[in-house]
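Here are the chains, one letter per residue:
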Amino acid sequence: MKTGIRKSVWLLTIALTLLFGGCGHNELKPVTSGKPELPAAVEHIVPVRSGGGAAGEAEFLLVPKSAIVRRGELTGILVVGADDRLSLRWIRTGRLMQSDVVVLGGLDKGEFIVGTYDPALHEGVTVKKSPRVTEEDHSK
Amino acid sequence: MNEGIAGKLAKQFINSKITPLLMVAALLVGIMATFMTPREEEPQIVVPMVDLFIPFPGAPPAEIEARVAKPIERTLTEIPGVDYVYSTSMPDVALVTVRYKVGEDAEKSMVKLWSTLMKNMDKMPQGVQFPLMKKVSIDDVPVLNLTFWSKSRDPYEIRKAAVAVADELKKIKNIGDVEIKGGLKRQIKIVLDKQKLLKYNVSPLQITRQVQMANSQMTSGDFKQMNQEIVVRTGKFLESAADVGNIVVGISGASPVYLRDVASVVDGPEEVNNYNFFGWAAAAPKGSVSGEYPAVTLTVAKRKGGDASLLAEKVIARVAGLRQTVVPSDITVTETRNYGATASEKVMTLLEHLLMAVVAVTIVVGFFLGWRGSLVVLASVPITFALTLLIYYLLDYSLNRVTLFALIFVTGIVVDDSIIIAENIHRHFAMKRQPKLQAAITAINEVGNPTILATFTVIAAVLPMVFVSGLMGPYMSPMPIGASLAMIFSLLVALIATPWLSFRLLKTESGHTEEYDVTKTGYYKVFNTLLSPFIESPFKRWLAFGVVGLMLAGAIALVPLKAVQMKMLPFDNKNEFQVILDMPEGTSLEQTARVAKEVAAYLKTIPEVSSYQYYVGTNAPINFNGLVRHYYLRQKANMADIQVNLVHKGDRQAQSHDIAKRVRPGVQQIALRYHGNAKIVEIPPGPPVMSTLVAEIYGPSQSEQIALASQVKQVFKETPGVVDVDWVVEADQKVYNLVVNKEQAAFRGVSAEQIAQTLRLSLAGMDVGLIHTGNDLDPVTIQVRLPQSDRTSLHDLTGIFVQSQGMGSLTTRLRAGEMIPLSELVKVEEKIQEKSIFHKDLRRVVYVTADVAGATESPVYAMLDMDKKIQKIKLPAGYSINPLYTAAPTSEDKMAMKWDGEWQITFEVFRDLGTAFAVVLVIIYLLIIGWFQSFKTPLIMMIAIPLSLVGIIPGHWLHGAFFTATSMIGMIALAGIMVRNSVLLIDFIQIRRAEGVALKQAVIESAAVRTRPIILTSGAVVIGSIVMLFDPIFQGLAISLIWGGILSTILTLVVVPIVYYMAEKKSDKPSMTNVS
């Protein structure tokens, strides 16, 4: 667990510098680790990030490839709602960018999602993400 | 006393052996008719409405309006029978809707439309494609929806099962259209790889050509050999994805390039174009799973004239049979709509109501006439209804909520004739002045003729309702027709069956033998003490009139005081409603699905909701309302429909309208968070309209119209009680216009068409043919398209390559085959999508729509409220507008606004009913003049009519109900009933006076003798109506009949004799002296 937290702090620092650079490549996920007393221990909950936005290029949203849920032709993502409940959101995906996928519709920037889809998780499960780990907190 | 028709008839039948046979025969055919008449939910309303889709690819709305919509509208308005012509000019297509007058023959209308259209197709500009004509009719509304959903299967697999079931269902007799909503079809996708295309120098257009050419097979003919004919067939259709992949599409060096080299060929579900999910909600049956699951809906419509409940039963039974074979076990089939069951339920409720009413009336009659008397009345009712149902069957009516309404409505009235006859026979038997048979015939003679007259006054009252025009006409017409027929039958029954029954059942009580004397009855004593003071003292008389006048004025005053509000029809208590979600134009399918899901998640928590289903990217199965509102066109990415099913109305306290009101704020809050607009749509009880409140804005230019519309919209939003505000103006949607640099394109050997085609193929995809598998129920298309990941940005688009045609294009000398990126040929312009242009009857219009709920439930009050605010709007031109009510503005030079929507129908209905009422009064007046040969007497009788208002209006106030169209019908019918009471009263006075009784004595005697039948008949009406009091739609009618009936009966019994006395006082004097 401890190594997980340390690792996540480390990863976040890199992620932030990259984000500020406005470049969508090589981003790493800010990770919040699930605590043992949580109703459902979710390995990592990540915000939806944006990429692009640099000169002339349109902004786009990115999620980790591992987060994608497939149901036949339908593509979804488990989103952590404001009430800390999981809900399955159908999305439309675009290009792959390394370990990330561009999301074309269905998500907003900054929404929290389950970074690695686990078939055991399903809609309605409460996960604990608070205190909400924001990037700023971790950058300290 | 001479014998009238009534007496003669009674004499014929009172001892005839044929009478009981006739009665039994009538009952039998009635029972048969009840089972043979088709049952359905909505009446068969023929509103020929035709949608014309006229594509004009590439044209902007303004051009479509000028070149396509307007010329077509102009020619269409020439067709006789056309009521309205609407048009919407959208980018690339014009939608023209023609609405014929209600009741026009649908087939003839189509032929007329077709010929007119064909006559004018030569005037269409080049590029306009052939119009698609779609007739919209009530039979397009599915009567049964089956939702296929599964925890483990995906939409593609579920659809497959649904298609298989649909194929089987089509074999059922009398089944109409079977449609499938949602799910994904099988498709062979040719997913192009840009890099590889470039590498092998193959263009997308080349691929489409090659695939089309490879996919051919034909019979070439035959040759003869050895006395035999041998058929030659050439080519082979593509049969699988592998076949498609093996097509050679080009050449690279010396080796062929196969399609599979430059694209991946995938056989599987098409790209996601809809989201359709089903879930159980708070009030789900026990043991249902939570969560929501991919779903596909199978809708079943019925054929014209079919029986909805029979069809639904058959389909359900068939599907149950298919469960084992066609439907995989992990797919659940849930019934999400069954209008057959609701129709049957309505019929059952009616029968229950009828039974209750008949029993209640029988008890009342029994109270006055003894059980034998009540048995006579009880026997006559079923015969009357049986005959009426037979007529419905013969006239091709179906049993629906309107025809049933007509039957409920007449329950209280049809027993009256029998009551009057039976009561009088009973009275004469009790009088014992004559032997039994003679007494019966005298009794019938005495009341027979006034009963005939009275029956015709009631018919005269209801029949003019046939002339209600517009959409409400067909809703109304079964009522006057059914009621009039029932009245005639009840009269015949009263004159034929009742005497026969009375003669056998009623007993002349033995025991007391003294001569019958009216003055010794309790009624006489009451009326003597009650009427004498008014007859003797003019002051008291005028005081009484004053009090009655005040009561009348007070009752009428409740209307302007808004204590009683007017509304066309109140909402019915249904088991469903819909949420219509509109996101701003340009919202992605997934975003819309997300909002729909959130709204659904909220609806799920409502305790009365049993299940829900949301449809994004495809419309929900329509109902009659959706048919008129064109909800079947709601298939864009920014639109979602949520079908909400409630628990059965018997299992919940709240009415569906109250639930709808309760969820509205919650739903709208969610939608608003995403800048969407959500509307709660209930099934209207009457004819559907575009929206309850519609403001049509006319003006010289579209921009001015939109400016005014936005101000009007603001007024709508600020007015309490006005909800679901929306308008037809689309939100700004971003458009990238790729302008081809013509010079450059020509120089590089590329045509503009080539660029446009390539782009269309890349983005929207292009169907290049079908694969011929032979065992797929849905056709399987082959589609060429770029993968989703390669068409997400402008950058992607301009990176698409087109192949130079070189010298073949005749515009260049360069060699063919060069792959040129679009970025070198086009310039990108960012624009806003042009707004659609709406026309109504050739005038440009912008609609602002809303509904009313909460603070005010009646659109008229909201309109009056908003009128003041709208008049205050300052227009840039310096004048203010005055909303119009009845007709569109004559000129488009100035801004103008007209109210439409429910108001238009309300206005038409109340106008027509008002006219009908006036006609009724005249006809009744004429009828009575004809009978009494006096101009004055009818007026006295008709005094009772306004007196009913004293009861009707406060009655509505007491119940907190709206004064609706059904209240108005009740009032009109009551006019007939009350005049009949007066007829009976005055007829008796005249009989007594002719026998030489003094005026005062005759008046009091008449009141005493006639009170019993009058109270009995009015009581029957009142008691027969009580069962309707709990039905939201018929409540108004019930209140009118109950309160109007009670009050005006009491007042009639007092006021009419007094007025008659006053009127006849002068002419009485000489006759008095003559007698004495």
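Since this is a predicted model, take the numbers as computed values, not measurements. (Residues numbered from 1 in each chain as written. Chains lettered and ligands numbered in written order. Predicted model: local features only at pLDDT ≥ 70, side-chain atom pairs only at ≥ 80, totals over all residues.)

1. Notes on the overall build of chain B
Logical step 1: Regarding its fold elements, chain B presents 31 helices and 30 strands.
Logical step 2: Principal-axis analysis of the C-alpha atoms gives chain B an extent of 135 × 85 × 60 Å.
Logical step 3: Per-residue burial for chain B yields a buried fraction of 50% across its 1076 residues.
Logical step 4: The long-range share in chain B, meaning contacts at least 24 apart out of those at least 6 apart in sequence, stands at 79%. (Helix = DSSP H or I, 4+ residues; strand = E, 2+ residues; numbered from the N terminus. Buried ≥ 20, exposed ≤ 12 C-beta atoms within 10 Å, placed from the backbone. Contact = placed C-beta atoms within 7 Å.)

2. With respect to the packing of helix H28 (residues 944-959) of chain B against helix H29 (residues 965-994) of chain B
All names here are of chain B.
Logical step 1: Two elements in contact, H28 and H29, have axes whose closest approach is 9 Å; the angle formed by their N-to-C orientations is 140°. The orientation of H28 relative to H29 falls into the category oblique. At the point where H28 passes H29, the crossing takes the right-handed sense. Contact residues: H28 offers Ala-944, Ile-945, Ser-948, Ile-952 and His-956, while H29 offers Ser-967, Met-971, Leu-974, Ala-975, Met-978, Val-979, Asn-981 and Ser-982.
Logical step 2: When grouped by side-chain class, the residues that make up the contact of H28 with H29 number eight nonpolar, five polar and no charged. (Axes fitted to C-alpha atoms, helices over the stretch in contact; angles between N-to-C directions. Parallel < 35°, antiparallel > 145°, perpendicular 65-115°, else oblique. Left-handed = near helix turned anticlockwise from the far one by under 90°. Nonpolar A, V, L, I, M, F, W, Y, C, P; charged D, E, K, R; others polar.)

3. Quick notes on the nonpolar core
Logical step 1: If you look at the biggest cluster of nonpolar residues, it comprises 279 residues, and the most contacted ones within it are Ile113(A), Phe148(B), Leu581(B), Val599(B) and Ile642(B).
Logical step 2: Per-element tally for this core: the top contributor is helix H11 (residues 339-394) of chain B, with 23 residues.
Logical step 3: Residues contacting Leu581(B), with those up to four places away along its chain left out, are Val595(B), Ala596(B), Val599(B), Met639(B), Ala640(B), Ile642(B), Ala671(B), Gly676(B) and Ala678(B).
Logical step 4: Residues Ile207(B), Val211(B), Ala214(B) and Ile771(B) belong to the second largest nonpolar core, which totals 35 residues. (Core = buried A, V, L, I, M, F, W, Y, C linked by C-beta atoms within 7 Å.)

4. Considerations on the confidence of the model for chain B
Residues and elements named next belong to chain B.
Logical step 1: Confidence along chain B averages 86 in pLDDT terms, with 98% of residues attaining 70 or more.
Logical step 2: Taken together, the stretch residues 1070-1076 has pLDDT below 50 and engages in two contacts with residues farther than four places along the chain or on a different chain.
Logical step 3: The complex prediction reports pTM at 0.84, with the ipTM value standing at 0.77. (pLDDT = per-residue confidence, 0-100.)

5. Topic: the sheet that holds strand S8 (residues 100-105) of chain A
Residue and element names in this part refer to chain A.
Logical step 1: Spatial ordering of the open sheet is given by S2-S3-S8-S7, a layout of four strands whose pairing is antiparallel. The open sheet terminates on both sides in strands that have one partner only, identified here as strand S2 (49-52) and strand S7 (92-97). Each neighbouring strand pair of the sheet contributes to a mean axis angle of 45°, computed without reference to strand direction.
Logical step 2: With four bridges connecting them, S2 and strand S3 (residues 59-64) associate as antiparallel partners. From the neighbouring strand, Arg-49 faces S3, where its bridge partner is Leu-62. (Pairing = 2+ DSSP bridges.)

6. Topic: the confidence of the model for chain A
Close inspection of predicted coordinates is inappropriate in any region flagged by low pLDDT.
Residues and elements named next belong to chain A.
Logical step 1: Taken as a whole, chain A shows an average pLDDT of 69; of its residues, 57% reach a score of 70 or greater.
Logical step 2: For chain A, the element scoring lowest by mean pLDDT is helix H2 (residues 135-139), at 42; strand S5 (residues 74-80) scores highest, at 89.
Logical step 3: Note that pLDDT drops below 50 for residues 18-38; the model gives that stretch 54 contacts with residues more than four away or on any other chain.
Logical step 4: Confidence over residues 130-140 falls short of pLDDT 50; this stretch has twelve contacts with residues more than four positions distant or in other chains.

7. Points about the interface of chain A and chain B
Logical step 1: Taken residue by residue, the interface counts 18 residues in chain A and 21 residues in chain B.
Logical step 2: When contributions to the side of chain A that touches chain B are tallied by element, the ones reaching two or more residues are strand S6 (86-90), S7 and S8 of chain A.
Logical step 3: When grouped by side-chain class, the residues that make up the side of chain A that touches chain B number six nonpolar, five polar and seven charged.

8. Some points on the sheet that holds strand S7 (residues 186-192) of chain B
Pairing between sheet strands relies on hydrogen bonds along the backbone, with the strands arranged either parallel or antiparallel.
Residue and element names in this part refer to chain B.
Logical step 1: Taken together, the four strands give an open sheet; going across it, the order is S12-S7-S24-S23, and neighbouring strands pair in mixed fashion. Each edge of the open sheet carries a strand with a single partner, namely strand S12 (263-269) and strand S23 (766-771). Strand-to-strand twist across the sheet, computed as the mean angle between neighbouring axes with direction ignored, equals 25°.
Logical step 2: As paired strands, S23 and strand S24 (residues 780-785) are joined by five bridges and run antiparallel to one another. Its bridge partner being in S24, Asp-767 is matched across the sheet by Gln-783.
Logical step 3: Together, S7, S23 and S24 form the strand contacts of helix H7 (residues 204-214), whose direction differs from that of S23 by roughly 25°.

9. Points about helix H25 (residues 859-872) of chain B
Residues and elements named next belong to chain B.
Logical step 1: In this model, H25 (14 residues) spans 20 Å end to end at C-alpha, consistent with the 20 Å of a helix rising 1.5 Å per residue.
Logical step 2: Along H25, the helix axis deviates most sharply at Met-866, where the bend reaches about 30°.
Logical step 3: Considered for burial, the residues of H25 that qualify are Pro-859, Val-860, Ala-862, Met-863, Met-866 and Ile-870.
Logical step 4: Contacts from the buried residues of H25 go to strand S20 (693-698), helix H21 (702-718), strand S21 (722-727), strand S29 (843-852), strand S30 (896-901) and helix H26 (902-932). (Expected span 1.5 Å × (residues − 1). Bend = angle between axes of the 7 residues up to and from the residue.)

10. What to know about the pairing of S20(B)
Residue and element names in this part refer to chain B.
Logical step 1: Buried residues dominate S20, accounting for six of its six residues.
Logical step 2: Here S20 runs beside S29; their pairing, made up of five bridges, is antiparallel. By the bridge assignment, Leu-693 is partnered in S29 with Ala-850.
Logical step 3: Pairing between S20 and S30: six bridges, direction antiparallel. For Ala-695, the partnering residue across the bridge sits in S30 and is Trp-899.

11. Observations concerning helix H20 (residues 656-673) of chain B
Residue and element names in this part refer to chain B.
Logical step 1: Look at H20: 26 Å from first C-alpha to last across 18 residues, which is about the 26 Å you get at 1.5 Å a residue.
Logical step 2: Where H20 bends most, the angle comes to about 35°, and this point is Arg-664, followed within four residues by the proline Pro-665.
Logical step 3: Those residues of H20 that fall on the buried side of the exposure criterion are Ser-656, His-657, Ile-659, Ala-660, Val-663, Val-667, Ile-670 and Ala-671.
Logical step 4: Residues of H20 that are buried in the fold lie against strand S16 (576-582), helix H18 (589-603), strand S18 (639-646) and strand S19 (677-681).
Logical step 5: At the C-terminal side of H20, His-675 shows a positive phi close to 65°.

12. Remarks on the environment of Val447(B)
All names here are of chain B.
Logical step 1: Note that Val-447 resides in helix H13 (residues 436-462).
Logical step 2: Among the residues examined, Val-447 registers 25 C-beta atoms within 10 Å and is labelled buried.
Logical step 3: Between the C-alpha atom of Val-447 and that of Tyr-156, which follows or precedes it by 291 residues, the distance is 74 Å.

13. Quick word on the environment of Met487(B)
Residues and elements named next belong to chain B.
Logical step 1: Structurally, Met-487 is set in helix H15 (residues 478-505).
Logical step 2: Here Met-487 falls in the buried class, since 27 other C-beta atoms lie within 10 Å of it.
Logical step 3: For the pair Met-487 and Thr-384, spaced 103 residues apart in sequence, the C-alpha to C-alpha distance is 8.3 Å.
Logical step 4: Apart from residues lying up to four places away in sequence, Met-487 is in contact with Ile-413, Val-414, Thr-455, Val-458 and Ile-459.

14. Re the pairing of S30(B)
Logical step 1: Taken across its six residues, S30(B) has six buried, putting it largely inside the fold.
Logical step 2: Here S30(B) shows a buried face lined by Ala896(B), Lys898(B) and Asp900(B) and a second buried face lined by Met897(B), Trp899(B) and Gly901(B).

15. What about the packing of H26(B) against H29(B)?
Residues and elements named next belong to chain B.
Logical step 1: Look at H26 against H29: their axes get within 10 Å of each other, and the N-to-C directions meet at 5°. With respect to H29, the axis of H26 lies roughly parallel. Here Val-909, Phe-910, Leu-913, Ala-916, Phe-917, Val-920, Ile-924 and Ile-928 of H26 come into contact with H29, specifically with Ala-965, Met-968, Ile-972, Ala-975, Val-979 and Val-983.
Logical step 2: Its residues assigned to classes, the contact of H26 with H29 shows 14 nonpolar, no polar and no charged.

16. Some thoughts on unusual backbone geometry
All names here are of chain B.
Logical step 1: Positive phi is not limited to glycine here, since Asn-201 has a value of about 60°.
Logical step 2: Inspection of the secondary structure puts Asn-201 in the loop between helix H6 (194-200) and H7.
Logical step 3: For Asn-227, which is not glycine, the phi dihedral falls at a positive 65°.

17. Observations regarding the environment of His956(B)
All names here are of chain B.
Logical step 1: One can find His-956 in helix H28.
Logical step 2: On the basis of neighbour count, His-956 is assigned to the buried category, with 26 C-beta atoms found within 10 Å.
Logical step 3: Separated by eleven residues in sequence, His-956 and Ser-967 have C-alpha atoms that sit 9.0 Å apart.
Logical step 4: Once you skip the residues sitting within four places of it in the chain, His-956 turns out to touch Val-564, Ala-961, Phe-963, Ser-967 and Ile-1039.

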